[in-house]
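Inside the fold
Here is what each chain is made of, one letter per residue.
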Amino acid sequence: MIEVYFSENCIWCRRMRRYLDEKGVNFRTINAREPYNSRHVMKLTGQSSLPVTVIGDTTVIGFDTQAVDVALQNMQ
């Protein structure tokens, strides 16, 4: 399962979602500004930076397409 924690006003979050869409990847979006989700992001990463993309056992912080591509390859 792939999850993208995002905020509506985050340009890097929009870019990550677009990047995954362009690659044809199915993913679930989660609004990180909701209190429960915000705490979960903090627990996952120890910080509040967005986007946070969870691919299998890998957590990618920020718009790091190289890390996303590696995680997607490892998932297959």
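Here, the structure is the one placed above.
Description of the structure in this document. None of the values given here were measured: they were computed from a predicted structure.

What about the sheet that holds strand 4 (residues 58-61)?
Within a beta sheet, neighbouring strands are joined by backbone hydrogen bonds and run either parallel or antiparallel to one another. Across the sheet, four strands lie side by side as 2-1-3-4; this open sheet has mixed pairing. Taken across any chain shown, the strands that pair with only one partner, and hence form the sheet edges, are strand 2 (28-31) and strand 4. Neighbour-to-neighbour, the strand axes of the sheet open up by a mean angle of 20 degrees, direction not taken into account. Here strand 1 (residues 2-6) pairs with strand 3 (residues 52-55) via four bridges, running antiparallel. Following the sheet pairing, Ile-2 is matched in strand 3 by Ile-55. Contacts between helix 1 (residues 11-22) and the sheet are confined to strand 1, strand 2 and strand 3, with strand 1 contributing the most and set at about 155 degrees to the helix. Contacts between helix 2 (residues 35-45) and the sheet are confined to strand 1, strand 2, strand 3 and strand 4, with strand 1 contributing the most and set at about 110 degrees to the helix.

Looking at the packing of aromatic side chains
Evaluation of the coordinates by the stated rule reveals two aromatic pairs. Each ring, one from Trp-12 and one from Phe-63, has its centre 5.7 Å from the other, and the planes form 35 degrees; the classification is tilted. A residue pair is termed long-range when its members are at least 10 positions apart, and Trp-12 in helix 1 and Phe-63 in the loop between strand 4 and helix 3 (65-75) qualify at 51 residues. A relative accessible area of 42% places Trp-12 in the partly exposed class. Phe-63 gets classed as partly exposed once you look at its relative accessible area, which sits at 32%. An aromatic cluster is present here, built from Trp-12, Tyr-19 and Phe-63 joined pairwise through their rings. Seen from the ring of Trp-12, Arg-15 lies directly overhead, with NZ or CZ sitting 4.6 Å from the centre. Just above the ring of Phe-6 sits the side chain of Arg-17; from NZ or CZ to the centre is 4.4 Å.

Criteria and thresholds
Residues numbered from 1 in each chain as written. Predicted model: local features only at pLDDT ≥ 70, side-chain atom pairs only at ≥ 80, totals over all residues. Heavy atoms only, no water. Pairing = 2+ DSSP bridges. Helix = DSSP H or I, 4+ residues; strand = E, 2+ residues; numbered from the N terminus. Axes fitted to C-alpha atoms, helices over the stretch in contact; angles between N-to-C directions. Contact = heavy atoms within 4.5 Å. Phe/Tyr/Trp six-rings, centres within 6.5 Å; stacked < 30°, edge-to-face > 60°. Buried < 20%, exposed > 50% of the residue type's maximum accessible area, 1.4 Å probe, protein only. Lys NZ or Arg CZ within 6 Å of the ring centre and 35° of its normal.

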